[in-house]
Every structure is written in structure tokens, then in C-alpha cells.
Amino acid sequence: MLMVRAIIRPEKSSKVLKALFEAGYIAVTKIPVVGRGKQRGIKIGDVTYDELPKEMLIMVIKDEDKDFAISTIMEAARSEPKGAFGDGKIFVTSVDEAYTISRGTKEL
């Protein structure tokens with residue numbers, strides 16, 4: 001199993017969640033977060049905004065679904081037509097174990 005964490009623009013959140021749902025990924029956690037990337041925030045006049053609002057989507061998927069899930073997120077989250085700074089980042093990590101609390105069972 002793999003954990004996919006996508007940090008995206010808040011205005012793209014609904015579009016990405018809809019695309020994931022339509023692709024069969026219904027179990028997603030959404031968390032509002034703040035941060036900055038390589039561009040170190042945005043400077044407008046004399047003011048620098050270095051804590052920009054983002055949304056983090058978290059989901060656990062089968063290893064073989066990785067490429068499809070990532071491409072689904074990228075297509076829905078990317079600014080048109082070629083993308084832009086601040087569109088986000090996707091992180092993929094291994095999940096060694098998972099448990100369902102209500103049933104007390106270990107997931108495969």
C-alpha cells in the first residue's frame with residue numbers, strides 16, 4: 001500500500017476531489033494547511049506572504065494504482081494550460097500496516 005499526499009491550491013480542491021471520486025478513489029482526507037515552496041511565498045509591494053493557504057489531500061492506495069492516481073491528481077490540480085508555480089506537490093510513501101478501528105482488523 002502507498003500513502004499519497006497532495007498539497008494543492010485551495011481553489012482546485014473540489015475539482016481534484018471530484019476527479020478522484022469519478023476515478024474510484026472515494027476515501028480521501030482533506031486538511032487545510034499553510035506553507036510555501038521554492039518561490040518562498042509571494043511578495044506584493046513591501047509585504048511578503050510566506051504562509052500561503054493550501055489543501056492537503058491524503059489517501060492510501062494499492063501500489064499498482066500509483067501512476068493512475070497521481071495522473072488524476074495532476075490533471076485536476078494543474079493550472080491551465082501548462083501549470084504554474086504554487087500548483088502544488090505530491091508525495092508518495094510506503095504504508096507498512098493499516099488497521100480499521102471499528103472492526104479491529106488489519107488491512108491487507
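Up top is the structure.
All values reported here derive from a predicted model rather than from experimental measurement.

Draft legend 1. Quick look at the packing of aromatic side chains. Scanning the entire structure with this criterion turns up one aromatic pair. Both rings, one in Tyr25 and one in Phe68, keep their centres 6.2 Å apart while their planes meet at 40°; by these two values the pair is tilted. On the criterion of sequence distance, the pair formed by Tyr25 in the loop between helix H1 (13-22) and strand E2 (29-35) and Phe68 in helix H2 (residues 66-77) is long-range, its members being 43 residues apart. On the basis of relative accessible area, Tyr25 is assigned to the buried category, the value being 11%.

Draft legend 2. Seen up close, H2. When the terminal C-alpha atoms of H2 are compared, their 16 Å separation across twelve residues agrees well with the 16 Å that a helix rising 1.5 Å per residue should span. Buried within H2 we find Ala69, Ile70, Thr72, Ile73, Ala76 and Ala77. In an axial view of H2, the angular spread of the buried residues amounts to 155°, which keeps them on one side of the axis. Those residues of H2 that are exposed and aimed more than 90 degrees away from the buried face are Asp67 and Glu75.

Draft legend 3. Geometry of unusual backbone geometry. Put simply, Glu80 and Pro81 share a cis peptide bond, and its omega is -10°. Turning to its location among the elements, Pro81 is positioned in the loop between H2 and strand E6 (88-94).

Draft legend 4. Expanded view of the pairing of strand E1 (residues 2-8). Residue alternation in E1 divides its side chains into a buried set, Leu2, Val4, Ala6 and Ile8, and an unburied set, Met3, Arg5 and Ile7. Bridging between E1 and strand E5 (residues 52-61) involves seven bridges; their strand directions are antiparallel. Within the sheet, the bridge partner assigned to Val4 lies in E5 and is Met59. Across seven bridges, E1 lies against E6 in antiparallel orientation. Counted as the bridge partner of Arg5 is Phe91 from E6.

Definitions and cut-offs
- Residues numbered from 1 in each chain as written.
- Predicted model: local features only at pLDDT ≥ 70, side-chain atom pairs only at ≥ 80, totals over all residues.
- Heavy atoms only, no water.
- Phe/Tyr/Trp six-rings, centres within 6.5 Å; stacked < 30°, edge-to-face > 60°.
- Helix = DSSP H or I, 4+ residues; strand = E, 2+ residues; numbered from the N terminus.
- Buried < 20%, exposed > 50% of the residue type's maximum accessible area, 1.4 Å probe, protein only.
- Expected span 1.5 Å × (residues − 1).
- Arc of directions from axis to C-beta.
- Pairing = 2+ DSSP bridges.

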